[in-house]
2 protein chains.
Amino acid sequence: MNTADLGLPVDVPSTALFTDQYELTMLRAALKAGTAGRRSVFEVFTRRLPDGRRYGVVAGTGRVLDAVENFRFDADVLRFLREKDIVDEPTLDWLAGYRFGGDIWGYPEGEVYFPGSPIMRVEGTFGECVLLETVILSILNHDSAIAAAASRMSSAAGDRPLIEMGARRTHELAAVAAARSAYVGGFATTSDLAAGFRYNIPTVGTSAHAFTLLHDSERDAFRAQVDSLGRGTTLLVDTYDVAEAVRTAVEIAGPELGAVRIDSGDLLLVAHRVRQQLDELGATETKIVVTSDLDEYAIASLAAAPVDAYGVGTQLVTGSGHPTASMVYKLVARESTDGGPLVPVAKKSSGGKTSVGGRKWAARRTGADGHAEAEVIGTGAVPADLTGRQLLVELVRGGEVVAREPLDAARDRHAAARAGLPLSATQLSRGEPVIPTEYATEGSGN
Amino acid sequence: MNTADLGLPVDVPSTALFTDQYELTMLRAALKAGTAGRRSVFEVFTRRLPDGRRYGVVAGTGRVLDAVENFRFDADVLRFLREKDIVDEPTLDWLAGYRFGGDIWGYPEGEVYFPGSPIMRVEGTFGECVLLETVILSILNHDSAIAAAASRMSSAAGDRPLIEMGARRTHELAAVAAARSAYVGGFATTSDLAAGFRYNIPTVGTSAHAFTLLHDSERDAFRAQVDSLGRGTTLLVDTYDVAEAVRTAVEIAGPELGAVRIDSGDLLLVAHRVRQQLDELGATETKIVVTSDLDEYAIASLAAAPVDAYGVGTQLVTGSGHPTASMVYKLVARESTDGGPLVPVAKKSSGGKTSVGGRKWAARRTGADGHAEAEVIGTGAVPADLTGRQLLVELVRGGEVVAREPLDAARDRHAAARAGLPLSATQLSRGEPVIPTEYATEGSGN
């Protein structure tokens, strides 16, 4: 089915098109060579965190499950692949019946990760696994990058709520995923209606400068807004003169005025002045929302200011300097020629980008103070003292998704996982990963 | 209609959901106040280019036209807005019949822009225009950011083709728009099948390290690939030892081998060695493709290297350091109370973010050498010497799209627009916008 009639700006008929061409040409060649059926293990991991970051945040897992479950080659897609001569007829036949039938384990959504963490493990035949590379990486790289920024911002904001309002700064559908990731990372609400519709994230929003400018005076605009939305609304007070706007706002809405929003200027200074003015006018319960070009550092710098909520746009949806995680999807083990046991494989050239072969487990070792002290990764048997601290959970078994959960579960898990890290995890300053990654050698019991 | 059954990772029923909630609450309040029908002019512009950039590139215009044309509030969306109590019943009734009926003019896709350029102008009632803010900005901010990076990369690459391969580094649907923007900016091909399907952009791709690792030897892998894809294929030669891989590749495919790909290491050094080796083996026509973490600077640094094509991923889809343009959508004029002429409006607070009121024209003045020398922006009458150099074209008339064009038209337009700038436009080093923005005062004939 083609979705062109829905008028979406980007229409695709299936998640199977979120695929780089080489995955199909590899499949084609492997089918011809008789190697496409070899049992294979692919792992998603990152060689490093973005420069200076203390931890990563897994996000997008739920979206990956949707994408894998619906990864099908329908008639439209097959016709396209045939017309463009991307694959041959035997491959088209194989694709027509494609349905992922393997197993996926991974870090649950909201969990934190470190360099080398096997964030997701996909196991099945080479053919069925190799096709999922791009869609899995697209989702995890984007969503995890946003969630990591969101997590730092929510640390900096403490108990004050964060509003996601970056839709206008990123692709219209990336924005929906960004709002979802922000929620996982600790944001409270979003301005994006599509995110509210799709993921039931609470939505907020009142008015912009255009609304004030539409009316003949700021007073007319405020009155129109309060008449329609009630005294609990948030009035935007920086279109003309802030002090005059605050006076007018309280005059019209009374001390029951819900909040005022400040969207420009020296927020620290203006927030203090506005708080004092509101208090003097008796609007002691009226809240102050600030929304201008905030990132985690600006949020932290306002910790002592009389601010009640932060709205964050650009820096959230662009990952606050790191718009993508650098996760890769690598073949780490495959069946030996004779259908025997899995053998570890890894790229070995001297040019860098090497990886550790073998099917991995991961566990987070905890110190005496109850906080994490190392991310331990190994192949083979899990040491007895770490069996209860393993990080990978089963997500897909024989092609069936077994780990659906509400988004709040991921949000709660993230808060708990972050709280389990050493305190320095939430320092905003640049530094090394807050816990080291250790590789356990097989059978060492380390 | 709900698209959940399509299994897209992000399902929305209409482009009308790509909207920040405040647009609907402003509409609600304006309807109640009787001001929603005031004729209004909104303009999209940016106050500055990303730091150090010489010019911007308009991209996404075609996608904006799709989004506006299909911006409807269907039953699912109305039910959501009612359930969440975002708007009242009169507003729901108004939305149920919504269809943009105004006019849109704008810089055509592929054109370059500068600070203050009125990239798009949306005119109609306040109510019908205010709703389009988020979807228009999402598309233009994302797509233009990618196109600007693509344009710099294609300048740096000269006649050598660029392959877009960043899908795995960004949201799966942002990736499709990114491939489209890259094409507008001068890229030749993409690895993203969805972009090939949706926009008919030529797609490419052959194999990854996983394919080599799947097989018992590199020789087996190369043979399998050549058997299936032919001698004209591109073999990836850096899984183990590059020199040995090149030898094996030519042995198997013969001198007709299409290309080798190098994805790691010191590309300058390795490319020279591989070229020499290929030539010694008689494979003088075999091309070299490089693909490791390239940006415009890395591409430029390889200008003297024997490289035939570049594959670019992360840095393309993240805008090479600038993942979003900073375009805003501002009310610049509206009907006066009595239904009379439009009056210019603008935010005026001291806190920055001010803008220039009034409905604008723009023209690019050309110097004696035939190159652009200024972006001239004004309100009122266009000076006679600039009437033939105006930049805004009609895109939508009375709600009907009047400016559809094939993507190649935007790509060609961009190449021509860039060629019309002073030569320093394509310097990669940081600098000021390559031409100044001048504001013509009305009637000055300046």
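Each value, and the rule that gives it
- Residues numbered from 1 in each chain as written.
- Chains lettered and ligands numbered in written order.
- Predicted model: local features only at pLDDT ≥ 70, side-chain atom pairs only at ≥ 80, totals over all residues.
- Heavy atoms only, no water.
- Least-squares fit on C-alpha atoms with pLDDT ≥ 70 in both.
- Contact = heavy atoms within 4.5 Å.
- Buried area = accessible area lost by both parts, 1.4 Å probe.
- Salt bridge = Lys/Arg side-chain N within 4 Å of Asp/Glu carboxyl O.
- Helix = DSSP H or I, 4+ residues; strand = E, 2+ residues; numbered from the N terminus.
- Domains from an automatic or database assignment.
- Buried < 20%, exposed > 50% of the residue type's maximum accessible area, 1.4 Å probe, protein only.
- Pairing = 2+ DSSP bridges.
- Core = buried A, V, L, I, M, F, W, Y, C linked by side-chain atoms within 4.5 Å.
- UniProt positions renumbered as here; feature names shortened; annotations may be inferred.
- Phe/Tyr/Trp six-rings, centres within 6.5 Å; stacked < 30°, edge-to-face > 60°.

*Asks:* Could you clarify how one ought to interpret the relation of the copies chain A and chain B in this entry?
*Replies:* Copy one and copy two of the chain differ by a rotation about a common axis and a shift along it. Note on the copies: chain A fits chain B at an RMSD of 0.0 Å, the axial shift is 0.0 Å, and the rotation between them is 180°. Such a combination of rotation and displacement between the chain copies is what one expects of a two-fold axis. Considering only C-alpha atoms, the part of chain A nearest the rotation axis is A:Ala174, at 3.0 Å. Most of the interface of chain A is mirrored in chain B, where 100% of its interface residues again form contacts.

*Asks:* It is not clear to me how the interface of chain A and chain B should be interpreted in this structure. Could you clarify?
*Replies:* One frequently used descriptor of interface size is the decrease in accessible area upon assembly of the parts. The partner chain B presents 115 residues to the 115 residues of chain A that form the contact. Here chain A packs against chain B, burying approximately 9700 Å² in sum over the two surfaces, 62% of which is carbon and sulfur. Taken as a group, A:Arg168, A:Leu193 and A:Phe197 account for 9% of the area that chain A buries against chain B, more than any other trio of residues on that side. Taken together, chain A and chain B are joined by 14 salt bridges. At 11 residues, the largest contribution of residues to the side of chain A that touches chain B is made by helix 1 (residues 21–33) of chain A.

*Asks:* Just checking my understanding: could you explain the domain arrangement of chain A for this structure?
*Replies:* Residue and element names in this part refer to chain A. When cut into domains, chain A gives domain 1 (4–131 + 326–440) and domain 2 (155–321). The gap between the C-alpha centroids of domain 1 and domain 2 is 38 Å. When the two sides are added together, the surface that domain 1 and domain 2 hide from each other amounts to roughly 1600 Å², 55% of it contributed by carbon and sulfur. Among the residues of domain 1 in contact with domain 2, Leu-407, Arg-411 and Leu-428 are the three that bury the most area, contributing 42% of the side total.

*Asks:* Before we go on, may I ask you to explain the environment of B:Met120 in this structure?
*Replies:* Residue and element names in this part refer to chain B. Along the chain, the position of Met-120 falls in strand 5 (residues 120–125). Residues Met-120 and Gly-378 lie 258 residues apart in sequence; the distance between their C-alpha atoms is 14 Å. With sequence-adjacent residues up to four places away left out, Met-120 is seen in contact with Phe-42, Glu-43, Val-44, Thr-61, Val-64, Ile-104, Trp-105, Gly-106, Ile-136, Leu-140 and Leu-395.

*Asks:* In this structure, what is going on with the pattern of salt bridges? I would like to understand it.
*Replies:* Pairs can form between side chains of opposite charge whenever their charged atoms are close. Residues and elements named next belong to chain A. Tallied over the entire structure, the rule returns 62 salt bridges over all chains. In this structure, Arg-198 and Asp-66 form a salt bridge, with 3.7 Å as the shortest nitrogen-oxygen distance. Here Asp-66 lies in helix 2 (residues 61–69) and Arg-198 lies in helix 8 (residues 193–199), a separation of 132 residues in the sequence. Its relative accessible area of 25% is what places Arg-198 among the partly exposed residues. Salt-bridge contacts for Arg-397 lead to Glu-394; the nearest nitrogen and oxygen are separated by 2.9 Å.

*Asks:* So what exactly am I meant to see when it comes to the sheet that holds strand 10 (residues 287–290) of chain A here?
*Replies:* Hydrogen bonds between backbone atoms are what pair the strands of a sheet, whose relative direction is either parallel or antiparallel. Residues and elements named next belong to chain A. A sheet is described by the order of its strands in space; here 6 strands give the open sequence 7-6-11-10-9-8, paired in parallel fashion. The sheet terminates laterally at strand 7 (189–190) and strand 8 (234–236), the two strands that pair on one side only. In this structure, strand 6 (residues 162–164) lies alongside strand 11 (residues 309–312), joined through 3 bridges in parallel fashion. In the sheet register, Leu-162 faces strand 11, and the bridge partner there is Tyr-310.

*Asks:* Looking at this model, I keep getting lost on the nonpolar core. Mind explaining?
*Replies:* As a rule of thumb, nonpolar side chains are buried together in soluble globular proteins. A:Phe73, A:Leu81, B:Phe73 and B:Leu81 are the most contacted members of the largest nonpolar core, which totals 156 residues. Among all residues touching A:Phe73, those that are not within four sequence positions of it are A:Ala16, A:Leu24, A:Leu78, A:Leu81, A:Leu95, A:Ala96, A:Tyr98 and A:Leu131.

*Asks:* Could you clarify how one ought to interpret the pairing of strand 1 (residues 39–46) of chain B in this entry?
*Replies:* Across a regular strand the side chains alternate sides, sitting on one face of the sheet and then on the other. Residue and element names in this part refer to chain B. Among the 8 residues that make up strand 1, 7 are buried, leaving the element largely enclosed by the rest of the structure. Pairing geometry for strand 1 and strand 5, over 6 bridges, is antiparallel. Along strand 5, the bridge assignment pairs Ser-40 with Gly-124. Where strand 1 meets strand 12 (residues 327–335), 7 bridges bridge the pair, whose relative direction is antiparallel. Along strand 12, the bridge assignment pairs Phe-42 with Leu-331.

*Asks:* How should I be thinking about the UniProt feature "domain: Nicotinate phosphoribosyltransferase N-terminal" (unreviewed entry) in chain A in this particular structure?
*Replies:* Under the feature "domain: Nicotinate phosphoribosyltransferase N-terminal" (unreviewed entry), the UniProt entry names residues 17–141 of chain A. Measuring from the first to the last C-alpha atom of residues 17–141 of chain A gives 18 Å, for a span that is 42% helix and 18% strand.

*Asks:* Is there a simple way to think about the packing of aromatic side chains in this case?
*Replies:* By convention here, two paired aromatic rings are described through the distance between centres and the angle between planes. Counted under the stated rule, the structure contains 14 aromatic pairs over all chains. Taking the centre distance of 6.0 Å and the plane angle of 40° together, the rings of A:Phe42 and A:Phe126 count as tilted. Taken together, the positions of A:Phe42 in strand 1 (residues 39–46) and A:Phe126 in helix 5 (residues 126–130) put the pair 84 residues apart, joining distant regions of the chain. Exposure class is identical for A:Phe42 and A:Phe126. Each is buried. Geometrically, the ring pair formed by A:Phe80 and B:Phe197 is edge-to-face, given 5.5 Å between the ring centres and 80° between the ring planes. Taken together, the positions of A:Phe80 in helix 3 (residues 75–83) and B:Phe197 in helix 8 (residues 193–199) put the pair across two chains.

*Asks:* Would you mind going over the sheet that holds strand 11 (residues 309–312) of chain B with me for this structure?
*Replies:* All names here are of chain B. Within the open sheet, the 6 strands sit side by side as 7-6-11-10-9-8. Their pairing is parallel. In the strand order of this sheet, the two ends are held by strand 7 (189–190) and strand 8 (234–236), each with one partner. The pairing of strand 6 (residues 162–164) with strand 7 spans 2 bridges and is classified as parallel. Paired with Ile-163 across the bridge in strand 7 is Thr-189.

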